[in-house]
Amino acid sequence: MRLSQYFLPVLRENPKEAEIVSHRLMLRAGMVQQASAGIYSWLPLGFRVLKKIEQIVREEQNAALAQEVLMPTIQSADLWRESGRYDDYGKEMLRITDRHERDMLYGPTNEELITDIFRTHVRSYRDLPLNLYHIQWKFRDEVRPRFGVMRGREFLMKDAYSFDTDFEAARAAYNRMFVAYLKTFARMGLTAIPMAADSGPIGGDLSHEFIILADTGESEVFYHRDWEDLTWQDQDIDYAGDLQPIVDRWTNTYAATDEMHDPATCPVVGDDLRRRRGIEVGHIFHFGTKYSAPLGARVATSDGHEVDVFMGSYGIGVSRLVGAVIEASHDEDGIIWPAAVAPFQVGVVNLKADDATCAQASANLHEQFETAGVDCLLDDRDERAGAKLATMDLIGLPWQIIVGPRGMKNGVVEVKERATGERTEMTPEAALAKLTAAAGG
């Protein structure tokens, strides 16, 4: 992609309405534009990142034996009345009426709708275990939307729902999602700490939030200092096997959200206890028969008896993750994207657009990267060199290749790694080989 043809409305000044780093940088980098309070349009650069994150989430859900569906954004109020949540959910639910005066709502979550799908089609234990998920826009009418996409009213969410015959099978489903979440966040370059959490309006007595530590986090969290040395070790996972040992490894060390932390009973004392702020990027729940019982989601067991199914739900804030990654990975010059979610892997900067040699070398690199399957953004604008370099740092691509007249006289370009700032001169051919290999192309 040539930047001269790409819609990238970057801002030079910090927007006054942006309170936190991710909101400020997303606006400055031309990733989003606010449509109304807590609701954003996703512009090309931001949309590319959003789709990269969505695809990682999808791949890990599929690997964990979940199956993708797509449910509507608008739901009937009748289902929510069956479960008893329609009146209880509160003002965050956007209630609407259609032309036939039927009560509808813009879905804040999907427990009722997925349970209706299940009860319509599943009758036997032989069809279990079952986990269905979708990636869909949600709406919650926050009283005070703020922090950009971190706490918006409309947001993209992955929500999965498991169905099992008893608690032990449901716990195995919970463990599959627990491990899948660890893998998902690790692929994005994040360390997310699973913390015992309050289940809130979703219900149930087993729940974990996955928290990224950040000074701008909206939640206060408490954890044992050993968490600072614990990272996910990439490994092949047998999701049909026993995952409890992995879960135990990640839950035996103390970590809890502020709602669950009790100083009087906390097992960690003194300097071992850390107190920070964090960003929730995922939340998983086991809630037994809370929805299946009132909605009549039952299956016949092997002995012919009917039982209410045990359920769990598992959410990841896909759009929120865009902001969370930025909160975890930036510097004073802009965003530093982890390679897995970067909108482009390589930025080629032609420092002098009217220099034929520079223009040809830049165009060749751009074409060769694209041919190799490496997403590349070529800054071919007739713009000052300093502005081009500042833009490239702002949007945070993992690698930059800087092509200038001085280097071209010596047959070299400058390669810059955004995360470290390290710069190395090499031939265009060597730069192409190095960054193609780094991008897995």
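These numbers were taken from a predicted model, which means no experiment stands behind them.

K.L.:
Give a detailed account of the overall build of the chain, specifying residues and quantitative values.
P.N.:
Check the secondary structure of the chain and you find twelve helices and 23 strands. Against the compact-globule benchmark of 22 Å for 441 residues, the chain has a radius of gyration of 24 Å, which places it among compact chains. Dimensions along the principal axes, computed over C-alpha positions, put the chain at roughly 80 × 55 × 45 Å. Within the chain, the fraction of its 441 residues that count as buried is 53%. Here the analysis covers contacts within the chain between residues at least 6 apart in sequence; of these, 71% occur between residues at least 24 apart. When the accessible surface of the chain is summed, it comes to about 19800 Å², and 46% of that surface belongs to carbon and sulfur atoms. In the chain, the 48 positive side-chain charges and the 68 negative ones have mean positions that sit 5 Å from each other.

K.L.:
Give me the environment of alanine 324: which residues, what numbers.
P.N.:
Structurally, alanine 324 can be placed in helix α8 (residues 318-328). On a C-alpha basis, the gap between alanine 324 and valine 149 in space is 9.2 Å, while along the polypeptide they are 175 residues apart. Not counting chain neighbours up to four residues away, the residues in contact with alanine 324 comprise Met150, Ile212, Ile279 and Val281.

K.L.:
If you had to explain the pairing of strand β1 (residues 32-36) to someone new, which residues and values would you point to?
P.N.:
In this sheet, strand β2 (residues 39-42) lies alongside β1 in antiparallel orientation, the contact comprising four bridges. Residue pairing for β2: glutamine 33 is matched across the bridge by serine 41. Turn length for the β1-β2 hairpin, with the two strands adjacent in sequence and antiparallel, is two residues, and the turn residue glycine 38 shows positive phi of about 75 degrees.

K.L.:
Give me the side chain of glutamine 400: which residues, what numbers.
P.N.:
Looking at the element boundaries, glutamine 400 is found in strand β21 (residues 399-403). Using a relative accessible area of 1% as the deciding quantity, one classes glutamine 400 as buried. For glutamine 400, the side chain forms a polar contact with the side chain of aspartate 393, separated by 2.9 Å. The residues contacting glutamine 400, other than those within four sequence positions of it, are Gly347, Met392, Asp393, Glu414, Val415, Lys416 and Arg418.

Cut-offs used in this document
Residues numbered from 1 in each chain as written. Predicted model: local features only at pLDDT ≥ 70, side-chain atom pairs only at ≥ 80, totals over all residues. Heavy atoms only, no water. Helix = DSSP H or I, 4+ residues; strand = E, 2+ residues; numbered from the N terminus. Rg over C-alpha atoms; globule rule 2.2 N^0.38 Å. Buried < 20%, exposed > 50% of the residue type's maximum accessible area, 1.4 Å probe, protein only. Contact = heavy atoms within 4.5 Å. Areas by Shrake-Rupley, 256 points an atom, 1.4 Å probe, with all protein chains shown as cover. Lys, Arg positive; Asp, Glu negative; His and termini not counted. Charge placed at Lys NZ, Arg CZ, Asp CG, Glu CD. Pairing = 2+ DSSP bridges. Polar contact = N/O pair within 3.5 Å; in protein donor to acceptor, adjacent residues only side chain to side chain.

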